[in-house]
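Fold and contact review
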Amino acid sequence: MEALLGSSHSPSFTITRRNPITSFKVLSWNSLYSGSNKSRVYHPILCLKRSGNDNSGSCSPSCYIEQMYRNRMFSQPIRRCKKIFIDKQSLLVIQNGLAFIPRKFKSSLRKTLKHSELFKSIVPEIFVRSCIGLMLVMAVNAAVVKAPSFALTEENLLFLEAWRTIDRAYIDKTFNGQSWFRYREDALRNEPMNTRQETYAAIKKMLATLNDPFTRFLEPEKFKSLRSGTQNALTGVGLSIGYPLGKNESASGLVVISASPGGPANRAGISSGDIILQIDNTSTENMGIYDAAERLQGPEGSGVELTVLHGSERRQLPLIREKVSLNPVKSRICKLPTGGDDAPLIGYIKLSTFNQNASGAVREAIETLRKNNVKAFVLDLRDNSGGLFPEGVEIAKIWLDKGVIVYICDSRGVRDIYDTDGSNVVAASEPLAVLVNKGTASASEILAGALKDNKRAQLFGEPTYGKGKIQSVFQLSDGSGVAVTVARYETPAHNDIDKVGVTPDHPLPASFPKDDESFCNCLQNPAAACHIDRVELFSK
């Protein structure tokens, strides 16, 4: 037996046997990937063409060889077709016996032959076919499980829209230690979603598994109400409410973050830190803040009764709903008593909420006060429960010429940085003091923390509320929405204020007033119990 190897780029092989039976010739294939049907039918990449008219025992009258045979990276195992074995790496053909092969391949070939015959004799063909059939069935079932969308209803699609929103935006990528994909599949199979209300119930049940009170589903009316609360006006009692934090965590109810100045709740004596125990005789112990907000709002002129815990005093307060203006800014000029006509003027700015008009209103107030020769500012953030996060960032840019405003963090650390280069600054040089209290929350805490950590202002008052999580509201296709906790934030000094709050630099006198007129009196009258010295107010 001998093998002859040509030296050209298109080699020709001749394999003969000692017994003059049949000779084979291996032909090269000039195309790497041919459009020929035969190149798909005849999988072996060797090409056999028999000489003579012998038709016994071959796979095909002709096979094909790719030019890649020279590259050992494309080595594939020996294959068998009837009694022809083809080694795709060494380009050898064996028919009804042995042909010459390199020594290093003999052992592998013999083992392959031996194991092949042994497997065929031991394992029945019916068993092999059954195993293959079973694997095919399992593969089909797995494909169906992974792609349930082939039979999705309109209600299923709405549920998936909410699921996908949480999947993309939620801060905790462990989803409270559960498989978020597994929950989706189980819910689509097991939760009834035949009506819109059943779908809403399924979405609420899904969000409840996150154990996050700030991630909530909003039905269309609630979503519309929430949006109106960040725009112009709201019909209700003028309360901003939240969940008890810190020392109030044991309280069984909802805490008052702030009461809108001049609103029904404010006139009734409700203030920051009070606990709402009941709304119209319904306990708030297990009530969500969005459900409570819906109960507090209503038609103008309608009534609602609140049970409120003020310190240790329990009070029943009937209130009449009215349209509460959400004008975010009030301003006033305070003239100090010394210096006559040249007495220093202080501009007082009360920022009550962060709606879509807030940054523009602050900018306008500063310009107006400047025209009246104001040389210093007091920014009052007391009882400001927050609002739109972007507005908090924009107002910080008004006061800062440069620096970090806030770090946005997720479970893996800092995700984004909001800073300013001074391009939007309006008042970076005038002395500034900031007033805060336990009703200062969310976006107002971002602003206060940025001004404090960048040494732009001194903070006066008491520790803030401590809401260090950021929510975004996403509208779904049917007009409903999902409020999602998308991140937590840290102040420029990398302080995480969640459930802790921003600590002020100095306290305010206990009797320090919250209205603008009384504030000016405290600066002007040294004998007043609330008096605070101008030098102390603006010292750094």
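In short, a report on the structure.

What counts and what doesn't
For every chain, the first residue of its written sequence is number 1, and the numbers climb from 1 along that sequence. Two thresholds apply to this predicted model, a pLDDT of at least 70 for residue-level local features and 80 or more for giving and counting side-chain atom pairs, whereas whole-chain, interface and lining totals are computed over all residues. To obtain the side-chain values, all non-hydrogen atoms of the structure were included, while hydrogens and water were left out. Between N-to-C directions, angles cover 0 to 180 degrees, with each direction set by a line fitted to C-alpha atoms, over the stretch in contact for helices. Labels follow the DSSP assignment, with helices taken as runs of H or I lasting at least four residues and strands as runs of E lasting at least two, numbered in each case from the N terminus. For classification purposes, angles smaller than 35 degrees are called roughly parallel, those larger than 145 roughly antiparallel, those between 65 and 115 roughly perpendicular, and all remaining angles oblique. Helix crossings fall into two classes, left-handed where the near helix is turned counterclockwise from the far one by less than a right angle and right-handed where it is turned clockwise. Residue contacts follow a heavy-atom distance rule, with two residues in contact if any of their heavy atoms lie within 4.5 Å. In this classification, Asp, Glu, Lys and Arg are treated as charged, Ala, Val, Leu, Ile, Met, Phe, Trp, Tyr, Cys and Pro as nonpolar, and every other residue, Gly included, as polar. The pairing test for Phe, Tyr and Trp rings, Trp by its six-membered ring, is centres within 6.5 Å, and the orientation test on the planes gives stacked under 30 degrees, edge-to-face over 60, and tilted for anything in between. Think of it in three bands: residues with accessible area under 20% of the maximum for their type are buried, residues over 50% are exposed, and the middle band is partly exposed, with areas taken using a 1.4 Å probe on protein chains only. Charge-over-ring contacts are defined here by two conditions on Lys NZ or Arg CZ: a distance within 6 Å of the ring centre and an angle within 35 degrees of the ring normal. In this description, the term disulfide denotes a pair of cysteine sulfurs within 2.5 Å. Cavities and pockets were defined on a 1 Å grid built from protein atoms only: a cavity is a group of points that admits a 1.4 Å probe but offers it no way out, a pocket is an open group of points flanked by protein on both sides within 12 Å along at least five of seven lines, and a lining residue is one with an atom within 4 Å of any such point. Grid points are joined across faces, edges and corners, and a volume is the space filled by probe spheres set on the points. Expected span of a helix, by definition, is 1.5 Å for each gap between consecutive residues, and there is one gap fewer than residues. By construction, the arc corresponds to the directions joining the helix axis to the C-beta atoms. The rule for pairing is simple: two strands pair if DSSP sees at least two bridges between them. Note on handedness: a crossover is taken as right-handed if, strands pointing away from the viewer, the path from the first strand over the helix to the second is clockwise.

Right, let's talk about the packing of helix α4 (residues 154–169) against helix α6 (residues 196–208) for a bit. Helix packing for two helices is described by the angle between their axes and how far apart those axes are. Packing of α4 against α6 brings their axes to within 9 Å, and their N-to-C directions diverge by 25°. Judged on the interaxial angle alone, α6 and α4 are roughly parallel. By crossing handedness, the relation of α4 to α6 is classed as right-handed. Where α4 abuts α6, its residues Glu154, Glu155, Leu158, Phe159, Ala162, Trp163 and Ile166 lie against Arg196, Thr199, Tyr200, Ala202, Ile203, Met206 and Leu207. Across the contact of α4 with α6, the residue classes break down as ten nonpolar, one polar and three charged.

Under the definition given, this model contains ten aromatic pairs. Relative to Phe181, the ring of Trp163 has its centre 5.3 Å away and its plane inclined at 65°; by these criteria the two rings are edge-to-face. Taken together, the positions of Trp163 in helix α4 and Phe181 in helix α5 (residues 180–190) put the pair 18 residues apart, joining distant regions of the chain. We classify Phe181 as partly exposed; its relative accessible area is 49%. Linked through ring pairs, Trp163, Tyr170, Phe175, Trp180, Phe181 and Tyr183 together constitute an aromatic cluster. Directly above the ring of Trp163 sits Arg184, whose terminal nitrogen or CZ lies 4.8 Å from the centroid. Across the ring face of Phe214, the terminal group of Lys467 is positioned such that the distance to the ring centre comes to 5.0 Å.

Turning to the state of the cysteines, a few remarks are in order. By the definition in use, this model includes two disulfides. The partner cysteine of Cys334 in its disulfide is Cys520, sulfur to sulfur 1.8 Å. Negative torsions about the S-S bond denote left-handed disulfides, and the value of about -65° found for Cys334 with Cys520 makes this one left-handed. With a gap of 186 residues between them, Cys334 in strand β17 (residues 329–335) and Cys520 in helix α13 (residues 516–524) connect regions that are remote in the sequence. For the pair formed by Cys334 and Cys520, the shared burial category is buried.

Each pocket or cavity is described by its volume, and for the second largest pocket that value is around 460 Å³. Forming the walls of the second largest pocket are 21 residues, and the residues nearest its centre are Asn211, Asp212, Pro213, Phe214 and Lys469. When the residues that make up the lining of the second largest pocket are grouped by side-chain class, the tally is nine nonpolar, five polar and seven charged.

Right, let's get into the packing of helix α11 (residues 389–399) against helix α12 (residues 443–453). Put simply, α11 and α12 touch, their axes get as near as 8 Å, and they point 25° apart. Classed by the angle they form, the pair α11 and α12 counts as roughly parallel. α11 and α12 meet at a crossing whose hand is right-handed. On α12, the residues touching Phe389, Gly392, Ile395, Ala396 and Trp399 of α11 are Ala443, Ile446, Leu447 and Leu451. For the contact of α11 with α12, a count of residues per class yields eight nonpolar, one polar and no charged.

Phi is positive for Asp280, which is not a glycine, with a value near 50°. Counting through the fold element by element, Asp280 comes out in the loop between β12 (275–279) and β13 (282–283). For Asp280, a relative accessible area of 39% translates into the label partly exposed. The phi torsion at His494 lies on the positive side, around 65°, for a residue other than glycine. One can find His494 in the loop between β25 (481–490) and α13.

Structural remark: α-helix, 3.6 residues per turn; residues separated by three or four positions point the same way. A rise of 1.5 Å per residue sets the reference length of helix α10 (residues 358–371), with its 14 residues, at 20 Å; its end C-alpha atoms lie 20 Å apart and thus fit the reference within 8%. Those residues of α10 that fall on the buried side of the exposure criterion are Ala358, Ser359, Ala361, Val362, Ala365, Ile366 and Leu369. Buried residues of α10, seen end-on, are gathered within an arc of 160° and therefore sit on one face of the element. The outward face of α10, more than 90 degrees from its buried face, is lined by the exposed residues Glu364 and Lys371. Elements that come into contact with the buried residues of α10 comprise β17, β18 (345–351), β19 (376–380) and α11. Where α10 ends, the next residue or the one after it, Asn373, has phi of about 65°, a positive value.

Our focus in this paragraph is the pairing of strand β22 (residues 432–436). Burial analysis of β22 places five of its five residues in the buried class, the great majority of the element. What you see with β22 is no split at all: Leu432, Val434 and Val436 on one side and Ala433 and Leu435 on the other are buried throughout. Where β19 and β22 come together, four bridges link them in parallel fashion. Across the sheet, the residue bridging to Asp380 is Leu435, located in β22. Direction of pairing for β22 relative to strand β23 (residues 458–461): parallel, over a ladder of four bridges. Each residue of the ladder has a partner; that of Leu435, found in β23, is Phe460. The handedness of the β22 to β23 crossover, carried by α12, is right-handed.

What follows is about the pairing of strand β15 (residues 313–320). The pairing of strand β14 (residues 303–310) with β15 spans eight bridges and is antiparallel. What sits directly across from Leu309, in β15, is Arg314.

Our focus in this paragraph is the sheet that holds β19. Here five strands make up an open sheet; going across it, the order is β17-β18-β19-β22-β23 and the pairing mixed. Two strands close off the open sheet at either side, each with one partner strand: β17 and β23. Across the sheet, the axes of successive neighbouring strands diverge by a mean angle of 20°, strand direction being ignored. Contacts from α10 reach β17, β18 and β19 within the one sheet, and its direction differs from that of β17 by about 20°.

Geometry only, nothing functional implied.
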